[in-house]
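Remarks on the overall topology
Each chain is listed here by its residues.
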Amino acid sequence: MVLEAKVKAQLNEYLQLMEGDIVLKVSANTDNVSKDMMNLVNELASMSPRITIEETELKRTPSFSVNRTAEDTGITFAGIPLGHEFTSLVLAILQVSGRAPKVDSAVIDQIKAIDEQYHFETYVSLSCHNCPDVVQALNIMSVLNPNITHSMIDGAVFKDEVESNNVMAVPAVFLNGEFFGGGRMTLEEILAKLGSGVDAEAFADKEPFDVLVVGGGPAGSSAAIYAARKGIRTGIVAERFGGQVLDTMSIENFISVKQTEGPKLVASLEEHVKEYDIDVMNLQRAKRLEKKDLFELELENGAVLKSKTVIVSTGARWRNVGVPGEEEFKNKGVAYCPHCDGPLFDGKDVAVIGGGNSGVEAAIDLAGIVKHVTVLEFMPELKADEILQQRLYSLPNVTVLKNVQTKEITGTDNVNGITYIERDSEEEKHIPLQGVFVQIGLLPNTDWLGEIVERTKFGEVVADKHGATNVPGLFAAGDCTDTPYKQIIISMGSGANAALGAFDHLIRN
Ligand SMILES: Cc1cc2nc3c(=O)[nH]c(=O)nc-3n(C[C@H](O)[C@H](O)[C@H](O)COP(=O)(O)OP(=O)(O)OC[C@H]3O[C@@H](n4cnc5c(N)ncnc54)[C@H](O)[C@@H]3O)c2cc1C
């Protein structure tokens, strides 16, 4: 038996939801992975009379495709989709059997309208938390459109391909043989990247808003809900709805929810926002803000939105260390998400740049996977909480270098080392290693505002206790402001505060 009894019981319930027959076409050999894959496939077939198995030869062995009886869908799993990909397999089975995917009808129409031939291949690791979203989005596209195929490939099984394609971070998506994108991507983001996004014309007839929120993270979502609850015309423009929370694994300090995961919290946020009459314009990047009679917000696609008040809640992003090699080796050994990319460095040597909470947490996490971790901290002492430092120092495969400055990330095709300077002796040293995780904090996403509003020397928008900036009618909330602490619950509170501030401004003017 491949599946545990509890998982099998749950799976049994899901398989009852199948609406039609499916065929699993398998390409197997005599190796152990093939045998394990066959055990899984046979177990699935034994659980539902709607599932049959056919032997075939696919591009990769071991692999299997999930098809309707009379039509191949193009969904293939190369390797064994257990771990985090098990849900992707179950969803693929249900959707191929005829169950409609939970996607907006507008998105379904967008997918069905694609007439180019798109063959996607996604390299994953079974412990990657960001991978299933991408795999499931591309599977939905394959189910809905015969021009689209998608293969999930377990990098641990197809190591040669991982090497030859230079995959150093998962998920790594290739389209028709060319690198398409890495990291978490939603279905809407994939469509936008394919050029199936919304163009400026769709925004041409929008009436001015009372409150226009820019940014769709916790701050923006909360601001939009608070504004909409006042019965005023509210819109929200977001480059990527969910913001940093989408990249967050376990959240344990969102008060009243003991533990949750980022994508789960984003799904609840989205559901809550959609309860209200809020015009959500996702996957739209704000380019410029101007104040005339009304505020005018120009988007990257050329559209201009007008509003009486604006709440800026564009959050923050990972800070780059800015040394030679960082850009060049991004996704070729330079990584930012230990939860996602840690397993790719199994048995290898890595460095973590940054000795704050996120750097030390990353080092502790990585120490359980990789051979050795070197932490590089610029200051003479680590800045992480004492309890994290104690845990770090208790680990046998961690070296901490303090008072050092990273000079260069070296490599040829991929990272092969890091060069640093000992700040007291000014001596230059080099450590051979295969991965570098950059963990040195966040930068506010406020460059697009230019000079229109007062910002600190770090680029944070200066906001008062009402969320008001120095420009009447312009408010700000969350991580993009000069608030000292950057947390989900704080951003939500400041979003609510800014929305009430904006409402107050509207009724007084
Ligand atoms: C890995 C990680 C783990 C974390 N863990 C926790 C935790 O456990 N608990 C906790 O409380 N906090 C945690 N945080 C911090 C928390 O995620 C942030 O404080 C919070 O998300 C900030 O919310 P925000 O809405 O201000 O900004 P963000 O979440 O950054 O959202 C910004 C929004 O603005 C959009 N945007 C940016 N630029 C533009 C533009 N030009 N035009 C249009 N839209 C734009 C973005 O796409 C996004 O929708 C974590 C952060 C990270 C990165």
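Since this is a predicted model, take the numbers as computed values, not measurements.

Rules behind the numbers
Residues numbered from 1 in each chain as written. Predicted model: local features only at pLDDT ≥ 70, side-chain atom pairs only at ≥ 80, totals over all residues. Helix = DSSP H or I, 4+ residues; strand = E, 2+ residues; numbered from the N terminus. Rg over C-alpha atoms; globule rule 2.2 N^0.38 Å. Buried ≥ 20, exposed ≤ 12 C-beta atoms within 10 Å, placed from the backbone. Domains from an automatic or database assignment. Contact = placed C-beta atoms within 7 Å. Nonpolar A, V, L, I, M, F, W, Y, C, P; charged D, E, K, R; others polar. Axes fitted to C-alpha atoms, helices over the stretch in contact; angles between N-to-C directions. Parallel < 35°, antiparallel > 145°, perpendicular 65-115°, else oblique. Left-handed = near helix turned anticlockwise from the far one by under 90°. Core = buried A, V, L, I, M, F, W, Y, C linked by C-beta atoms within 7 Å. Expected span 1.5 Å × (residues − 1). Pairing = 2+ DSSP bridges. Near = placed C-beta within 6 Å.

**Some details on the overall build of the protein**
Along the protein, the regular secondary structure elements total 13 helices and 27 strands. The C-alpha radius of gyration of the protein comes to 25 Å, within 12% of the 23 Å expected for a compact globule of 509 residues. If you line up the protein on its principal axes, its C-alpha atoms span 75 × 65 × 40 Å. Per-residue burial for the protein yields a buried fraction of 45% across its 509 residues.

**Here we look at the domain arrangement of the protein**
Taken as a whole, the protein is organised into domain 1 (5-193), domain 2 (201-317 + 442-508) and domain 3 (334-438). Computed from C-alpha atoms alone, the centre-to-centre distance between domain 1 and domain 2 is 35 Å. Between domain 1 and domain 2, the contact holds six residues from the first and seven residues from the second. Counting residues per element, the side of domain 1 that touches domain 2 draws most heavily on helix 7 (residues 187-193), which supplies three residues. Grouping the constituent residues of the side of domain 1 that touches domain 2 by class yields one nonpolar, one polar and four charged.

**A short note on the packing of helix 11 (residues 357-367) against helix 12 (residues 386-393)**
One can describe the packing of helix 11 onto helix 12 by two numbers: an axis separation of 10 Å at closest approach and a directional angle of 30°. Put simply, helix 11 runs roughly parallel to helix 12. As helix 11 runs across helix 12, the sense of the crossing is left-handed. Two secondary-structure elements touch here, helix 11 through Asn357, Val360, Glu361, Ala363 and Ile364 and helix 12 through Leu388, Gln389, Arg391 and Leu392. Residue classes in the contact of helix 11 with helix 12 are distributed as five nonpolar, two polar and two charged.

**So, the nonpolar core**
Ala363 and Val436 are the most contacted members of the largest nonpolar core, which has 89 residues in total. The element best represented in this core is helix 5 (residues 131-144), accounting for nine residues. Counting contributing residues per domain, this core is built from domain 1 (5-193) and domain 3 (334-438), each supplying no fewer than three. Counting residues in hydrophobic clusters, the runner-up holds 47 residues, among them Tyr226, Leu299, Phe475 and Ala499.

**Some words on the environment of Ser48**
Within the element layout of this structure, Ser48 appears in the loop between helix 2 (32-47) and strand 2 (51-55). It is 50 Å that separates the C-alpha atoms of Ser48 and Asn445, two residues lying 397 residues apart in sequence. If near-sequence neighbours (up to four positions away) are discounted, Ser48 is found in contact with Leu15 and Met18.

**Describing helix 5**
Every α-helix winds through 3.6 residues per turn, so residues three or four apart in the chain are directed the same way. Under the 1.5 Å per step criterion, the end-to-end length of helix 5 is 20 Å for 14 residues, consistent within 8% with the ideal 20 Å. Extensive coverage of helix 5 is indicated by the burial of 13 of its 14 residues.

**A closer look at the sheet that holds strand 20 (residues 372-376)**
The parallel open sheet is built from five strands, whose spatial order is 18-25-19-20-21. Each end of this open sheet is capped by a strand with a single partner; those strands are strand 18 (334-335) and strand 21 (398-401). Across four bridges, strand 19 (residues 349-353) lies against strand 25 (residues 435-438) in parallel orientation. Bridge pairing in strand 25 links Val350 to Gly435.

**As for the site of the ligand**
As a matter of local geometry, the ligand sits amid 34 residues, with Gly215, Gly217, Gly243, Gly315 and Gly478 nearest to it. Sorting the residues of the shell around the ligand by element identifies helix 8 (218-228), strand 10 (234-238) and helix 13 (488-508) as the ones contributing at least two each.

**Structural notes on the environment of Pro49**
Inspection of the secondary structure assignment puts Pro49 in the loop between helix 2 and strand 2. On a C-alpha basis, the gap between Pro49 and Ala286 in space is 52 Å, while along the polypeptide they are 237 residues apart.

**What about unusual backbone geometry?**
Following Thr61, the chain continues to Pro62 via a peptide bond in cis, the omega torsion being 0°. By the secondary structure assignment, Pro62 is in the loop between strand 2 and strand 3 (63-68). A cis amide bond, omega -5°, links Val170 with the succeeding residue Pro171. One can find Pro171 in the loop between helix 6 (159-164) and strand 7 (172-175). At Asn176, a residue that is not glycine, the phi angle is positive and equals roughly 45°. Assignment of secondary structure puts Asn176 in the loop between strand 7 and strand 8 (178-182). Despite not being glycine, Asn403 has its phi angle at roughly 60°, a positive value.

**Digging into the sheet that holds strand 23 (residues 415-422)**
With antiparallel pairing, the three strands of this open sheet are ordered in space as 22-23-24. Either end of the sheet is taken by a strand with one partner, and the two such strands are strand 22 (404-411) and strand 24 (428-432). Ignoring strand direction, the axes of neighbouring strands in this sheet form an average angle of 25°. In the sheet, strand 22 pairs with strand 23 via seven bridges, with the strands oriented antiparallel. Each bridged residue has a counterpart across the sheet, and for Ile409 the counterpart in strand 23 is Ile418.

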